[in-house]
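Structural overview for review
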Amino acid sequence: MNKLEVGQKAPAFSGKNQDGKVISLDDFKGQKVVLYFYPKDNTPGCTAEACNLNDNLDQFAEKGFKIIGVSPDSEASHQKFRDKYGLKFDLIADTEKEILEKYGVWAEKKMYGRTYMGVVRTTFVIDEDGLILKIFEKVKTKEHAEQIFEDLKF
């Protein structure tokens, strides 16, 4: 498992969004990106996180940030999730878990005494040059935007 650190170059990736369009990190050269990884569409924590980021989209845009979500769900699942909650940012379907593994967020987890592989909810803030500015490993799903704003002092 990769352990990425602040100051490192963010790993290049590409994957299909909810509309089947290929999105890559290179598409955002010269822009800042909030790249967030989440376990599953339409679950309480993931929905709270996505809606919180979406509700603060204008504030992110004012500061020059684009938001991209990544989970192992399918394009069709992402499309339904976006439509249901009116999300206005891309969700990448990483069904093969290639991006998740590059970012070190596909890992062993434990719940109710059982061990399994899953997505470790994590957010990477990437600057205009593709460097990792901040990594959030303890995401507050209901106020994640505020958590990012506070840390980045906006």
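Whatever comes next refers back to the structure up there.
A brief look at the structure comes next. (Residues numbered from 1 in each chain as written. Predicted model: local features only at pLDDT ≥ 70, side-chain atom pairs only at ≥ 80, totals over all residues. Heavy atoms only, no water.)

A few points about the overall build of the chain
When you go through the chain residue by residue, the secondary structure sums to five helices and nine strands. What you see for the chain is a C-alpha radius of gyration of 14 Å, in line with the 15 Å of a compact globule of 154 residues. Projected onto the principal axes, the alpha-carbon positions of the chain cover approximately 40 × 35 × 30 Å. Counting only residues that meet the buried cut, the chain has 48% of its 154 residues in that class. Accessible surface, the chain as shown: approximately 8100 Å² in total, 47% of it carbon and sulfur. The averaged location of the 26 negative side-chain charges in the chain is 3 Å from the averaged location of its 24 positive side-chain charges. (Helix = DSSP H or I, 4+ residues; strand = E, 2+ residues; numbered from the N terminus. Rg over C-alpha atoms; globule rule 2.2 N^0.38 Å. Buried < 20%, exposed > 50% of the residue type's maximum accessible area, 1.4 Å probe, protein only. Areas by Shrake-Rupley, 256 points an atom, 1.4 Å probe, with all protein chains shown as cover. Lys, Arg positive; Asp, Glu negative; His and termini not counted. Charge placed at Lys NZ, Arg CZ, Asp CG, Glu CD.)

Topic: the nonpolar core
Counting 22 residues, the largest nonpolar core has Leu35, Phe37, Val70, Tyr103, Phe124 and Ile126 as its most contacted members. Broken down by secondary-structure element, the contributors of at least two residues to this core are strand S3 (32-37), strand S4 (65-71), helix H4 (98-102), strand S8 (122-126) and strand S9 (132-136). For this core, the element with the most residues is S3, which contributes three residues. For isoleucine 126, the residues in contact, after removing those within four places along its chain, are Ala10, Leu25, Gln31, Lys32, Val33, Leu35, Tyr103, Leu131 and Leu133. (Core = buried A, V, L, I, M, F, W, Y, C linked by side-chain atoms within 4.5 Å. Contact = heavy atoms within 4.5 Å.)

Some details on the packing of helix H1 (residues 44-55) against helix H5 (residues 144-152)
Helix-helix packing is characterised by the crossing angle of the two axes and by the distance between the axes. Two numbers describe how H1 lies on H5: the axes approach to 7 Å, and their chain directions differ by 55 degrees. Taken as axis vectors, H1 and H5 run oblique relative to one another. Counting all contacts with H1, which are made through Glu49, Asn52 and Leu53, the residues of H5 involved are His144, Ala145, Glu146 and Ile148. Partitioning the contact of H1 with H5 into residue classes produces three nonpolar, two polar and two charged. (Axes fitted to C-alpha atoms, helices over the stretch in contact; angles between N-to-C directions. Parallel < 35°, antiparallel > 145°, perpendicular 65-115°, else oblique. Nonpolar A, V, L, I, M, F, W, Y, C, P; charged D, E, K, R; others polar.)

Points about the state of the cysteines
Here the structure, examined in full by the defined rule, presents zero disulfides. Cysteine 46 takes part in no disulfide bond, and the closest cysteine sulfur, belonging to cysteine 51, lies 11 Å away. Cysteine 51 gets classed as buried once you look at its relative accessible area, which sits at 18%. (Disulfide = S-S within 2.5 Å.)

Description of unusual backbone geometry
Look at lysine 97: it is not a glycine, yet its phi comes out positive at around 65 degrees. Note on placement: lysine 97 falls in the loop between strand S5 (90-93) and H4. With relative accessibility at 23%, the residue lysine 97 sits in the partly exposed group. A positive phi angle, close to 50 degrees, is found at tyrosine 112, a residue other than glycine. Within the element layout of this structure, tyrosine 112 appears in the loop between strand S6 (106-111) and strand S7 (114-119).

Quick notes on the pairing of S9
Here S8 pairs with S9 via four bridges, running antiparallel. In the sheet register, threonine 123 faces S9, and the bridge partner there is phenylalanine 136. Counting the residues that bridge the hairpin from S8 to S9 gives five residues, and of these glycine 130 lies at a positive phi of roughly 85 degrees. (Pairing = 2+ DSSP bridges.)

Details of the sheet that holds S8
With mixed pairing, seven strands are arranged side by side in an open sheet as S2-S1-S5-S4-S3-S8-S9. This sheet does not close on itself; its edge strands, each paired only once, are strand S2 (22-24) and S9. Neighbour-to-neighbour, the strand axes of the sheet open up by a mean angle of 30 degrees, direction not taken into account. Bridging between S4 and S5 involves four bridges; their strand directions are parallel.

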